[in-house]
Each structure stands twice: as C-alpha cells, then as structure tokens.
Amino acid sequence: MSAHPKTPEIERPSIEDRLYANKYTDHEDSHLGVFEDETCLDCETYDCVSVCPANVWRNEGDEDGVPLIAYENCLECGSCRWACPYDNVIWENPPNGTGMTYRYG
Amino acid sequence: MTERPNFDDYFDAIVVGAGLAGSAAALTMAQQDLEVLLIERGNYPGAKNVFGGTMYTPRIRELTGEGFEDAPVERHLGTKRFGLLSTEDETAMSIKPGQWQESPHNDTYTVLRGNFDEWFADQAIEAGATLITETTVTDLVREGESIVGVETDRPDGTIHAPMVVLAEGGNSLVSEAADLKETDPPEKVAIGVKEVRKYDRETIEERFGLGEDDGAAYHYFGEGACGGGVGGGFIYTNKRTLAIGVAYTISDAIEDDRKPDELLSDFKEHPAVAPLVKGGRVVEYSAKSIPEGGASSVPELAHDGAVIIGDAASLLLNNGIHLEGTNMAVESGYLAGNAIVEAIHAGRTDAAALQSYPEELESSYVMENLQNYDWFSDFAHDEKQFLFQQLPKALTEAELEFFKQDYEPKETHAKRAKNMLLRAAGGWTGAAKKAWKYRKLLS
C-alpha cells in the first residue's frame, strides 16, 4: 500500500493492450525457434520467458518442455538470445519488411 | 518494384541498416561520390529503430548543412533531471540552463525515430545513395577470407560489392554469424522497454514546465525505477507524446521476479512518476537490446571488405549519468565512410587499408569515453545493492531527519542525519573505502 494516498491511478495495460497499439505485419513462418528441443526439456529456469517483454516465450501449464513461441507478439529486441544460458535460441529477422513497424521509436 | 535493376557489382559499398550509423556512413560516402547501396529491413528507415534517449546532433548538423533546419525534431532538450527513487520517495536534481534554450541548443533533441531516421536516410539519398527497404540481409558473401557482398531475402538476392558496412544495430545477427563479433554475456546487454503515450500538448507542457519548443529528459535510478537491477527509468517529452520506459541488464531481468513489462508498469505507478504520466493513451509499445559492454565489448572494427559501426559495434556509453549512443553511431559511420573512400580511391578494401577508421575512432571522443568508463559496468554490478537499493533509502531517511519538525534543535537533526549516511556507507572506514572506489565517478 502506498503511503501516498493521492497518487493517481495509473493504467496497467496488459501485453495485449500494449501490442494493440503497434503496427504489425504477419509473416507465415516463425522467425524464432530453438535448436535442440532436448535442451529446453532439461532447462529449469526458462530465462527466455523471464526476460521477454511481449509474452512471446511462454512456459504454460506445468508440463516441462519447449516453450510456446507466440512469434507474432515479438518486439524484435532479441533479449531471449542473450538470456538463454544454452545459446539455444534461433533468431532471424522477420523477412521482407514484415514484423513490427515502429512509427514513434 | 516493377523492374528490378541489377544491383550486383554496381556499387562501391553496401550499407546494412539505414539507422543513424548506416545513414551517416552512406551520406559520408555518397558526398564523396562513391556509389552506395543502403539496405533497410523495415518498411522505411526508422521502422525497426527504438531508443530511450535523445539525439545528439553535432556531426549530423555538420554533415547535413542547411538541410538540418528541416530535420524533424520534437523538442530541444531544455531540462535534464535525475531522480533517485526508493520504493516511495524521490530525491532529485534538475538543471535548466539558459544556454540550452538558445540555438544550437547544445545539439540535443528529442525525436521520433520513425521520422528522424527517414529524414536522415533521405539526406544520403539526396547525396546520391540508393535505398532499398523491406530487404533483410541474411548473410555475408566471402571470397576466401574477404567479404565481397551480402545475401538478402529477395529473389536472386546476392549482391556483390567491394565493401560492406555492417550497421545492423544491437541485435547484430549477421556480424555474429559471420564471426566478426562475439555474442556478449547477458550482464553486458540491457533490455529497454518503452511505452509511448499520447496527451494534449498543453498537458505535457504544464506537467514538465515547458514552453512550445523545449523538452525534458527525466532519468530515474534506484529501487523504485528498476528494482535491484543495474539500470533505470526514463521519461522524455516529445511534442504530443511521452516516451516512458525502463532499461536494465538482461541478467537483472532474469533475476527479477517481474517481467520487463511489469517493471515498466510498476515504475509508472511510483508516487513521484505517476502524476507525470497519468492519463493519455498508449500509441506504441517497443523494446530494444542495448549493448552496454563498453570498450571491452567493441569488436575488431575493420575486416577485409567490411567494417562494423554503431550499436553493432557496441559503441554505446552508459556511465549512469551520460547515456549516449546516437552521437557515437553517427560518428562511427562518418569515420568509417571516410576510411572507405580513402581505401577505394587507393584501389583496396583489405583491413589494413581501412585502419584509419579504427584509428580515428580510437583518438576520437567515442573510444576515449568508452575506455574512460570501461570500469563502470562491472563496478555497477558489484555495487548494485548499495547504489540502487541502500543508497536511495539511506538518503531519504537522512533527508527526513535533516528536515524534521519537532522540538529538537537543527544541530541535533543534522548530526543524526550525517550519522545515518555514514552508517549506510559502512562507517568511516567503509566511507573512506567507498570514496576511493567511487572517485572515478566524479573524474
């Protein structure tokens, strides 16, 4: 509880609300992936999930395995690449001008 | 494009990425009559670019001459503010020098990269460079050890040219895949997340005490800005939008229980921040990786047939107080462009013939600054608990004591406040050690 009762209420947008503002062009194939599924099966930390600002990498449910990859959410920061301690992230630039188009940047 | 011209072997140089570094290189080379192809993967230059920052423009102004008057800037920076945030408190320092309100405004502006980068690339095009967009460079072409062109995702996408300039940004896939650069560890790369929110112009000007053309950069440090991590929060004022974000190292993002977007929301809810950012509506949400490894992360810059510039070369300074990258990107593009002109005129493209780029960069403020502050990243990680958590809290407590209204004399409060700070620093011995350790911060 804040000691500042008059602090104005701030909107906490969901990832979806935030992404809705963006201009995005889909590409059919995911530009993200993993090299070895086995590596993810052995992984316990899922750092790719922890650092992703757009909920692209998801470790849903309690089953272990390769995270779900919602590549269409991707803001193209590349953080998952550095986060994965096993260097197991495949990262390609979305082709032919697809993906995010930033207007404000 | 109805008819595709034959780009293969037509150009002197191919520039990968039409950001600030790439366009500076293309402009520099085109002004000296080289044939330059500028390849951009986005819909337009700037479409893939994000920053949490300001544009520093001395070199851009010089390169573009009178054209600079039409540069699409938002506001010149008139106010800089540093706020230290504990979870509920703020201690801040703000500066608003008269000189910054006068042209050339200390060459510091807020901009929208979508507009600014497109304008800057246009300057290169006007000087004779050719731009192709929506084209991704996927690999380099080699002949023996030499780089002699690029592979793209266009049909028949191989383009040969004597020189390739890698200006692909912090997520430098091509340079890393080609073994021209090592992948940095997660302590050396930061993630920045940013929300751009739209307001009435008057709302922004009233909240930040601005006139029509001046703007503000608010930087925040401490637990209230980005948890226990090495990093901070920021607000930049554009004309009708605010850029609100946080940036901290990827290793800190791994450690923090919150995800980056949650950290951003928490920052916006801080009692000192919320009144500045309330209302409005989100018009863009973006993220960027920031190469913060300093001088030790800068790769070999000149290769046979290729150079690396800008963020791709880790040319970015974060020493806590100075957050600079846009200026260094442009400077590296400019120096690399000049080196290539010289080499091409000599009929060469080997690394030895391109040495004036790394040499000039080495003796410029770019490497001077990076080397001078190379210790900062390791230092900040070693000291992060003290710097970002204990210090803001201790400062607040000492301030509360110092200004306390009760029946005790000022001297008692002052003495107590001083002792509180001393205790936080680890007593006289601890304080002396810290003073020695921190001396570089002030030099």
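Here is what the cut-offs are and how they apply
- Residues numbered from 1 in each chain as written.
- Chains lettered and ligands numbered in written order.
- Predicted model: local features only at pLDDT ≥ 70, side-chain atom pairs only at ≥ 80, totals over all residues.
- Helix = DSSP H or I, 4+ residues; strand = E, 2+ residues; numbered from the N terminus.
- Rg over C-alpha atoms; globule rule 2.2 N^0.38 Å.
- Buried ≥ 20, exposed ≤ 12 C-beta atoms within 10 Å, placed from the backbone.
- Pairing = 2+ DSSP bridges.
- Axes fitted to C-alpha atoms, helices over the stretch in contact; angles between N-to-C directions.
- Left-handed = near helix turned anticlockwise from the far one by under 90°.
- Contact = placed C-beta atoms within 7 Å.
- Nonpolar A, V, L, I, M, F, W, Y, C, P; charged D, E, K, R; others polar.
- Domains from an automatic or database assignment.
- Parallel < 35°, antiparallel > 145°, perpendicular 65-115°, else oblique.

**Section: the overall build of chain B**
In terms of helices and strands, chain B carries 16 helices and 20 strands. In terms of overall size, chain B behaves like a compact globule, its C-alpha atoms giving a radius of gyration of 23 Å where 443 residues would be expected to give roughly 22 Å. Counting only C-alpha atoms and orienting by the principal axes, one finds that chain B spans roughly 85 × 50 × 40 Å. Scored against the burial criterion, the 443 residues of chain B give a buried share of 53%.

**What about the overall build of chain A?**
Of regular secondary structure, chain A possesses four helices and six strands. Expected size for 105 residues packed as a compact globule is a radius of gyration near 13 Å; at 16 Å, chain A overshoots this value by more than 25%. When its C-alpha atoms are laid out on the principal axes, chain A stretches across 50 × 35 × 25 Å. The buried share of chain A, reckoned over its 105 residues, is 36%.

**Some details on the sheet that holds strand β17 (residues 302-303) of chain B**
Residue and element names in this part refer to chain B. Pairing is mixed across the open sheet formed by six strands, whose spatial order is β7-β2-β1-β11-β18-β17. Each edge of the open sheet is held by one strand with a lone partner, namely β7 (130-132) and β17. Of the pairings in the sheet, the one linking strand β11 (residues 163-166) to strand β18 (residues 306-308) comprises three bridges and is parallel in character. In the sheet register, V165 faces β18, and the bridge partner there is V307.

**Focus on the packing of helix α10 (residues 326-345) of chain B against helix α11 (residues 356-363) of chain B**
Residues and elements named next belong to chain B. Close contact between α10 and α11 brings their axes to 8 Å; oriented N to C, the two are set at 145°. Viewed along their axes, α10 and α11 form a crossing whose handedness is right-handed. Counting all contacts with α10, which are made through S332, L335, A336, A339 and E342, the residues of α11 involved are S356, Y357, E360 and L361. Counted by class, the contact of α10 with α11 contains five nonpolar, two polar and two charged residues.

**Examining the domain arrangement of chain B**
All names here are of chain B. Here chain B is described as being made up of domain 1 (13-72 + 112-183 + 294-363), domain 2 (189-291) and domain 3 (377-442). The C-alpha-based centres of domain 1 and domain 2 are spaced at 28 Å. In this assembly, 11 residues from domain 1 lie in contact with 15 residues from domain 2. Tallied by class, residues from the side of domain 1 that touches domain 2 come to four nonpolar, six polar and one charged.

**Considering the packing of helix α14 (residues 384-402) of chain B against helix α15 (residues 410-424) of chain B**
Residue and element names in this part refer to chain B. At a minimum axis separation of 8 Å, α14 and α15 run at an interaxial angle of 170°. Our classification of the angle between α14 and α15 gives roughly antiparallel. Between α14 and α15, the contacting residues are Q390, L391, A394, E397, A398, E401 and F402 on the first element and H413, A414, R416, A417, M420, L421 and A424 on the second. Split by residue class, the contact of α14 with α15 holds nine nonpolar, two polar and three charged.

**Side note on the environment of F403 of chain B**
Residues and elements named next belong to chain B. Tracing the backbone through its elements, the reader meets F403 in the loop between α14 and α15. On the neighbour-count criterion, F403 (10 C-beta atoms within 10 Å) is exposed. Along the primary structure F403 and A417 are separated by 14 residues, whereas in three dimensions their C-alpha atoms are 9.3 Å apart.

**Notes on the sheet that holds strand β8 (residues 137-143) of chain B**
All names here are of chain B. Taken in spatial order, the three strands line up as β8-β9-β10 in an open sheet, and their pairing is antiparallel. On the outer flanks of this sheet lie β8 and β10 (158-160), each paired with one strand and no other. Across the sheet, the mean angle separating the axes of adjacent strands is 30° when strand polarity is ignored. Here strand β9 (residues 146-152) pairs with β10 via three bridges, running antiparallel. What sits directly across from G149, in β10, is H160.

**Looking at unusual backbone geometry**
A cis amide bond, omega 5°, links S103 of chain B with the succeeding residue P104 of chain B. Positive phi is not limited to glycine here, since E76 of chain A has a value of about 65°. By C-beta crowding, E76 of chain A is classed as buried, having 24 other C-beta atoms within 10 Å. If you check the backbone angles, D87 of chain A has positive phi at about 55° while not being a glycine. Along the polypeptide, D87 of chain A turns up in the loop between α4 (79-83) and β5 (89-91).

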